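Below are the chains, spelled out letter by letter.
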Amino acid sequence: TAVWALDLEYPTVVEASSTPLNEETTPIAATYHYVFPARGDRPPVELFWYDGGLRPPRPACLEPDRELPAEGGSLIVGDEGAILSGVWSGTPRIIPEEKMRRYAPPTPTIARSRGHHRDWIDACKGGPAASANFEYAARLTEIVLLGTVALRAGTSLQWNGPDMKAANAPETEPLIRGHFRKGWEM
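Let us look at the structure shown here. (Residues numbered from 1 in each chain as written. Predicted model: local features only at pLDDT ≥ 70, side-chain atom pairs only at ≥ 80, totals over all residues. Heavy atoms only, no water.)

1. Concerning the nonpolar core
Rules: Put simply, buried Ala, Val, Leu, Ile, Met, Phe, Trp, Tyr and Cys residues joined by side-chain atoms within 4.5 Å make one nonpolar core. Classification of residues uses two cut-offs on accessible area relative to the type maximum, computed with a 1.4 Å probe and protein chains only: under 20% is buried, over 50% is exposed, and between them is partly exposed. Strands are runs of DSSP state E lasting at least two residues, helices are runs of H or I lasting at least four, and both sets are numbered from the N terminus onward.
Counting residues in each nonpolar core, the largest one holds 21 residues, and the members touching the most others are V3, L8, V14, Y34, F36, L47 and L157. Per-element accounting of this core gives the leading share, six residues, to helix α4 (residues 134–153). L62, A82, L84 and I95 belong to the second largest nonpolar core, which has five residues in total.

2. Some remarks on the sheet that holds strand β2 (residues 30–36)
Condition: Should DSSP find at least two bridges between two strands, the strands are regarded as paired. Two residues form a contact once any of their heavy atoms are found within 4.5 Å. Axis angles are defined between N-to-C directions and span 0 to 180 degrees, where every axis is a line fitted to C-alpha atoms and, for a helix, only to the segment in contact.
Ordered by their spatial adjacency, five strands build an open sheet running β3-β2-β1-β7-β8, and the pairing between neighbours is antiparallel. Both outer strands of the open sheet, β3 (45–51) and β8 (165–166), are each paired with one neighbouring strand and no more. Here two bridges tie strand β7 (residues 157–160) to β8, and the two strands are oriented antiparallel to one another. For N160, the partnering residue across the bridge sits in β8 and is K165. Its contacts with the sheet put α4 on β1 (13–18), β2 and β7, and the angle it makes with β1 is roughly 60°.

3. A word on the side chain of E63
Here E63 shows up in the loop between β3 and β4 (74–77). Accessibility expressed as a relative area gives 16% for E63, which makes it buried. Other than its neighbours up to four places away in sequence, E63 contacts R58, I95, P96 and E97.

4. Section: the environment of T26
Among the secondary structure elements, T26 is positioned in the loop between β1 and β2. Look at T26 and you get exposed, because its relative accessible area is 62%. Along the primary structure T26 and T148 are separated by 122 residues, whereas in three dimensions their C-alpha atoms are 8.3 Å apart.

5. Regarding the pairing of β2
Extensive coverage of β2 is indicated by the burial of six of its seven residues. Bridge count for β1 against β2 is six bridges, and the pairing is antiparallel. Considered in β2, the bridge of V14 is made with Y34. Here seven bridges tie β2 to β3, and the two strands are oriented antiparallel to one another. Paired with V35 across the two strands is E46, which belongs to β3.

Here it is as structure tokens:
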């Protein structure tokens, strides 16, 4: 949600930590931290991803009797409050609740999704592009995979998105570019 709503492109710093790693699978739990630069008149953004049951610090604006969703979700923290939502950004709520009660939603400008599968089928049949279309999904996938590269490298990456290079970690090149058998090079 944050990547789409804030029009985030390339992070400039990517950091990760986790439970023990192995060569074949993702860790049981991990935390990823991405720093995105300012975009025009928009300030820099820090994005954190908690996986495997790890959870963010409790925001100060969360009421004492309210818990973060047990099944996961999103927490977007701003200067004057936060938006808390469930899995797949469902049922977003402004916190503290008093701000939600005062909020007047704008007229919707983005078509509402009928779900990833339905969107995909409709797009295949000549309908509108899916909400998770390749333009957005490719960018999001690259961001997520950079977290895995930082995790495997064991260091904070200084990322140059347009060149697809970690300026401070040339040893990550095989993770970024892949390894191809002779005859299958790209």
